[in-house]
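Reading the structure
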Amino acid sequence: MYLQKDEEQILNGESGDSLQKMMEILVTLGKIYDAEYLIPIKSVQIAGVSYKTIGDAGLEWIEDIDAQVVVPSILNPMGMDRERWREMGISEDFYRKQIEILNVYRRMGIRIECTCTPYYLEDSMPCLGDHLAWSESSAISFANSVIGARTNRESGISALASALLGKTPYYGYHLDENRVPTIGIEVPFTLTGSDFGALGYVIGKVIGDCVPIFEFAPSTKPSDDDLKSLGAALAASGAVALYHVKGRTPEADRFEVPEEKIVVEEGEIRSVYDGSSEPDLVALGCPHLSIDELELAAELLRGRKVKRELWLCVSRYLKGKRADLVGVIESSGAKVISDTCMIVSPACDRFDCIMTDSGKALNYIPTMCQAEAVFGSFRDCIEVVLGEARDC
Ligand SMILES: C[C@@](O)(CCOP(=O)(O)O)CC(=O)O
Ligand code: SF4
């Protein structure tokens, strides 16, 4: 792999042990994946923030790093809301460890907004063709597919190395040839709302890490939120980092639909909604909610009272920006939670059955929260907490 003179010097330890270690990580990755050289990146999103997922070993590893980030860098959700952790049932011990992790990242100059939807933050929205090093799988999928930016599926460690060096090895989804679709997915019936998460959940299991190109029925008109849900589920039940939608996503129309093709049947999508257990928690916002989703929740909850626990996960930034909507939602008894989510917080471990509108959460709840998961549309989820009958 070709390195510039200053990169060689960093690798030789002339800029200190921490940067040397980070350069070793990027060079090792570059060699494994046959990258010719490193390229500059515009921004970084770093996963591996929750004490629940990284533990003491992860904390010790980041604590040893003595360097500052050189490109805008932001964190993935941690294990608790930094203000409402007591109310969430988080222990003092967990709180202290989590704050230690946050402070280590803060000292490196990383923005300690903890969200998997950094693209909703006005100053963190990438552009078509931008090279990034992001590491939360739904954020990666949204950046690659809906925005047309370019990022590999970074680990928390490689993303941190990129944040401290401002570069990433030039391979994988940074290259044109790896962005070409490898399988066609035809969906000849109408999809709306949570159907996109259900589709991602079903198809991800079958296609692994392929690059699918979807052909939807003309009556199907996916919003950005629908595509966010589709990509999140595809990345969770499979390992899809990039997909295209004919006539909809920015790179799709450059490509032909490959000969290898799956035609989805409506029954496959409907069966995702089959669960009938009674949830003791309804959790929305995986990935974190958009303003449109917050608006819908406020409209459905205005003047009503919830009869079960309802959590809505959203970035602290959007929560602050739309305090009016948050006020309406919380007057119903629902909780608008920031910095964390139902998957990376240990607070969800006490529930037996969690209902969600997210294909991604449906995939992770059984293993990450040891709870049963049931799936419903956004509106159904809210109706369930308002005590209305569920049509299972
Ligand atoms: C499940 C996930 O969204 C969150 C947990 O990741 P972490 O704790 O940030 O490493 C990670 C992912 O899908 O990339
Ligand atoms: S809300 Fe979902 S997408 Fe976001 S970090 Fe949690 S599990 Fe990942």
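Residues numbered from 1 in each chain as written. Chains lettered and ligands numbered in written order. Predicted model: local features only at pLDDT ≥ 70, side-chain atom pairs only at ≥ 80, totals over all residues. Heavy atoms only, no water.

The name given to the chain in an unreviewed UniProt entry is Phosphomevalonate dehydratase large subunit, with Candidatus Syntropharchaeum caldarium as the source organism. The heading Subunit (unreviewed entry) in the UniProt record of the chain holds the text "Heterodimer composed of a large subunit (PMDh-L) and a small subunit (PMDh-S)." Reading the Catalytic activity (unreviewed entry) entry of the UniProt record for the chain gives the comment "(R)-5-phosphomevalonate = (2E)-3-methyl-5-phosphooxypent-2-enoate + H2O". (UniProt positions renumbered as here; feature names shortened; annotations may be inferred.)

Take the site of ligand 2 next. As a structural note, the neighbourhood of ligand 2 is formed by N76, P77, C116, E136, S138, G285, C286, P287, C341, I343 and K360. Comparing atom positions with the cavity grids shows ligand 2 to sit within the largest pocket. When its residues are assigned to classes, the shell around ligand 2 shows six nonpolar, three polar and two charged. Shared between two domains, the shell around ligand 2 takes at least three residues from each, and those domains are domain 1 (5-176) and domain 3 (274-385). (Near = heavy atom within 4 Å. 1 Å grid on protein atoms, 1.4 Å probe; cavity = no way out; pocket = protein on both sides within 12 Å on 5 of 7 lines; lining within 4 Å. Sits in = over half its atoms within 2 Å of the grid points. Nonpolar A, V, L, I, M, F, W, Y, C, P; charged D, E, K, R; others polar. Domains from an automatic or database assignment.)

Centre distance and the angle of the planes are the two values used to describe a pair of aromatic rings. What the rule picks out here adds up to eleven aromatic pairs. Taken together, a centroid distance of 4.9 Å and an interplanar angle of 70 degrees make the contact between Y119 and Y120 edge-to-face. Just as Y119 is buried, Y120 falls in that class too. Consider the rings of Y273 and F375, whose centres lie 4.9 Å apart with planes at 65 degrees: the pair is edge-to-face. One end of the pair, Y273, is in the loop between α9 (266-270) and β11 (281-284); the other, F375, is in strand β15 (residues 372-375), and 102 residues separate them in sequence. For the residue pair Y273 and F375, the accessibility class agrees, reading buried in each case. These aromatic residues form a ring-pair network of at least three members: F196, F214, F216 and Y243. (Phe/Tyr/Trp six-rings, centres within 6.5 Å; stacked < 30°, edge-to-face > 60°. Buried < 20%, exposed > 50% of the residue type's maximum accessible area, 1.4 Å probe, protein only. Helix = DSSP H or I, 4+ residues; strand = E, 2+ residues; numbered from the N terminus.)

To continue, consider helix α10 (residues 291-301). Every buried residue of α10 is listed here: E293, L294, A297, A298, L300 and L301. Looking down the long axis of α10, one finds its buried residues gathered within 165 degrees of arc, a one-sided arrangement. Opposite the buried face of α10, at more than 90 degrees from it, the exposed residues are D292 and E299. Where α10 is buried, its residues meet α8 (224-237), β12 (309-313), α11 (316-321), α12 (323-331) and α14 (378-385). Measuring from the side-chain oxygen of the N-cap residue of α10 to the backbone nitrogen of D292 gives 3.4 Å; that N-cap residue is S290. Of the residues trailing α10, G303 is marked for its positive phi of about 75 degrees. (Arc of directions from axis to C-beta. Contact = heavy atoms within 4.5 Å. Polar contact = N/O pair within 3.5 Å; in protein donor to acceptor, adjacent residues only side chain to side chain.)

The next subject is the UniProt feature "domain: Phosphomevalonate dehydratase large subunit-like" (unreviewed entry) in the chain. The residues that UniProt annotates with the feature "domain: Phosphomevalonate dehydratase large subunit-like" (unreviewed entry) are residues 1-383. Spanning residues 1-383, this segment combines 39% helix with 14% strand, and its end C-alpha atoms are found 56 Å apart.

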